[in-house]
Amino acid sequence: RARGIPDMPPLAERQMHRLLHFPYRIWCKWCVMGRGREGMHIRRKDRQRQIPCVWMDYCFASLEGATLSVLVMLGETTGAVESAAITEKGPAEFPVNCVVKTLEAWGLLRIEIVTDQEPAIMALARAVALARHPKETMCNSRPKLDSASKGPIENANGQVMGLLRTLLLAVN
């Protein structure tokens, strides 16, 4: 089914949206250029977790010859996505503090952190668990070649990279 042409919102709303281009708006040409996708067909199994799951991963963007490393976090039950540009991977003070503060802001006490098997992200998860003590934090890594189990965080990485592209397109 073809999508209709969206109605344009009032000028004041468009001006506010242009500050951060968040959330995605179909009427914003920069959002569509940076984050637009074909219609997706996703079958989702609803399952109840006893412990909230937080996914963590790194993604990378090349900007004018330099590589920007980004830590991405996804709260699976809420769909909340948080990201932070980082200067080094692994259990450095800044990324550990970012994750701990994000988990506090999300109100999560008892959690499972899920990562891939990259040593740096696994070490970061363990450092976060130590920093959160005595709050219960379990660390779990997914199999290396199991791309289906990494779907949620890969989608969050795509959202973050799409927003970054959108902002860069809009300012250039």
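Calculation notes
Residues numbered from 1 in each chain as written. Predicted model: local features only at pLDDT ≥ 70, side-chain atom pairs only at ≥ 80, totals over all residues. Heavy atoms only, no water. Axes fitted to C-alpha atoms, helices over the stretch in contact; angles between N-to-C directions. Helix = DSSP H or I, 4+ residues; strand = E, 2+ residues; numbered from the N terminus. Parallel < 35°, antiparallel > 145°, perpendicular 65-115°, else oblique. Left-handed = near helix turned anticlockwise from the far one by under 90°. Contact = heavy atoms within 4.5 Å. Nonpolar A, V, L, I, M, F, W, Y, C, P; charged D, E, K, R; others polar. Salt bridge = Lys/Arg side-chain N within 4 Å of Asp/Glu carboxyl O. Buried < 20%, exposed > 50% of the residue type's maximum accessible area, 1.4 Å probe, protein only. Pairing = 2+ DSSP bridges. Polar contact = N/O pair within 3.5 Å; in protein donor to acceptor, adjacent residues only side chain to side chain.

Asker: In this structure, what is going on with the packing of helix α3 (residues 93–105) against helix α4 (residues 119–132)? I would like to understand it.
Answerer: Any two packed helices are characterised by how steeply their axes cross, that is the angle between the axes, and by the distance between the axes. Closest axis-to-axis distance for the α3/α4 pair is 9 Å, and the angle between their directions is 60°. The orientation of α3 with respect to α4, classified from their angle, is oblique. Here the hand of the crossing between α3 and α4 comes out right-handed. Note on element contacts: α4 touches α3 through Leu124, Ala127, Val128, Ala131 and Arg132, opposite Pro95, Val96, Val99, Val100 and Leu103. When the residues that make up the contact of α3 with α4 are grouped by side-chain class, the tally is nine nonpolar, no polar and one charged.

Asker: Teacher, can you tell me more about the pattern of salt bridges here?
Answerer: Pairing of side chains with opposite charge becomes possible as their charged atoms draw close. Going through the model one piece at a time under the given rule, you end up with two salt bridges. Glutamate 118 is paired through a salt bridge with lysine 89; the nearest N and O atoms lie 2.3 Å apart. With a gap of 29 residues between them, glutamate 118 in the loop between β4 (111–115) and α4 and lysine 89 in the loop between β3 (81–86) and α3 connect regions that are remote in the sequence. One salt bridge connects glutamate 136 with arginine 110, and the closest N-O pair in it is separated by 2.7 Å. With glutamate 136 in the loop between α4 and β5 (137–141) and arginine 110 in the loop between α3 and β4, this pair connects stretches of sequence that are 26 residues apart.

Asker: Help me understand the pairing of strand β1 (residues 53–63) in this model?
Answerer: Every regular strand shows the same layout, with side chains that alternate between the two sheet faces. Across the eleven residues that make up β1, a large majority, eight, are buried. Relative to β4, β1 runs parallel, the two being bridged by three bridges. Directly across from valine 54, in β4, lies its bridge partner isoleucine 113. For β1 and strand β2 (residues 66–75), the ladder comprises ten bridges, and the chain directions are antiparallel. Bridging from a neighbouring strand, alanine 61 pairs with leucine 68 of β2. Where β1 hands over to β2, the hairpin turn is made up of two residues, of which glutamate 64 adopts a positive phi near 50°.

Asker: Looking at this structure, I do not really get the side chain of glutamate 76. What am I missing?
Answerer: Of note, glutamate 76 is situated in the loop between β2 and β3. Within the structure, glutamate 76 has its side chain in polar contact with the side chain of tryptophan 55 (distance 3.5 Å).

Asker: I'm lost on the environment of valine 160 in this one. Help?
Answerer: Note on placement: valine 160 falls in helix α5 (residues 151–171). Judged by relative accessible area, which is 13%, valine 160 ranks as buried. Separated by 89 residues in sequence, valine 160 and leucine 71 place their C-alpha atoms 9.7 Å apart. Aside from chain neighbours lying at most four places away, what touches valine 160 is Val70, Val72, Val81 and Ser83.

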